[in-house]
Amino acid sequence: MADNSHEDDLERLKSALWYAVGQIVDEFCMSRNRNATPQFIGALTELVWTQIENVAIDLESFSNHAGRTTVTTDDVLLLARKNPDLQTIMGEFVEARKAMSASTKGTQRAKK
């Protein structure tokens, strides 16, 4: 029964991805007065699904190698290492969030 539920979850996720990809493609096509076939949307959805699976495997491998059971931002940044521009943008975002989180914690401590 657990396998059936897992397969149902995967099918729902894939359907949601197909819908989201279709919405993005439709919006792009409408802005450029173009058409996309359902076969194109299906193929693009399969490509994105495969990429998501590969990213998930890599992230899990990185966290396991570090001896953790939880994926962290360090794992995500390691995954982005092959694209230096993306890694820079993501690194800056993470640092900004950490700084914002630290300042919020400092404000909360000062109020107590």
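Described in the following lines is the structure provided in the data block. (Residues numbered from 1 in each chain as written. Predicted model: local features only at pLDDT ≥ 70, side-chain atom pairs only at ≥ 80, totals over all residues. Heavy atoms only, no water.)

**Observations concerning the overall build of the protein chain**
Here is step 1: Within the protein chain one finds four helices and zero strands.
Here is step 2: In sequence order, the protein chain lays out its α and β elements as α-α-α-α.
Here is step 3: For 112 residues, the compact-globule formula gives about 13 Å, and the C-alpha radius of gyration of the protein chain, at 20 Å, lies well above that figure.
Here is step 4: The C-alpha extent of the protein chain, read off along each of the three principal axes, is 55 × 45 × 35 Å.
Here is step 5: Taking all 112 residues of the protein chain together, the buried fraction comes to 14%.
Here is step 6: Taking the intrachain contacts of the protein chain between residues at least 6 apart in sequence as the baseline, contacts between residues at least 24 apart amount to 27%.
Here is step 7: Of the roughly 9,200 Å² that the protein chain leaves accessible, carbon and sulfur atoms contribute 58%.
Here is step 8: Put simply, the protein chain has 13 plus and 16 minus side-chain charges, and the middle of one group is 12 Å from the middle of the other. (Helix = DSSP H or I, 4+ residues; strand = E, 2+ residues; numbered from the N terminus. Rg over C-alpha atoms; globule rule 2.2 N^0.38 Å. Buried < 20%, exposed > 50% of the residue type's maximum accessible area, 1.4 Å probe, protein only. Contact = heavy atoms within 4.5 Å. Areas by Shrake-Rupley, 256 points an atom, 1.4 Å probe, with all protein chains shown as cover. Lys, Arg positive; Asp, Glu negative; His and termini not counted. Charge placed at Lys NZ, Arg CZ, Asp CG, Glu CD.)

**Notes on the side chain of Asp75**
Here is step 1: Tracing the backbone through its elements, the reader meets Asp75 in helix 3 (residues 73-79).
Here is step 2: According to the relative accessible area criterion, Asp75 is buried, its value standing at 3%.

**Here we look at the nonpolar core**
Here is step 1: If you look at the biggest cluster of nonpolar residues, it comprises six residues: Leu17, Val21, Val25, Cys29, Ile41 and Trp49.
Here is step 2: Where this core is concerned, the elements lending two or more residues are helix 1 (2-31) and helix 2 (38-65).
Here is step 3: When residues in this core are grouped by element, the largest group, four residues, is from helix 1.
Here is step 4: Residues within four places of Val21 in sequence aside, it is in contact with Ile41, Leu44 and Thr45. (Core = buried A, V, L, I, M, F, W, Y, C linked by side-chain atoms within 4.5 Å.)

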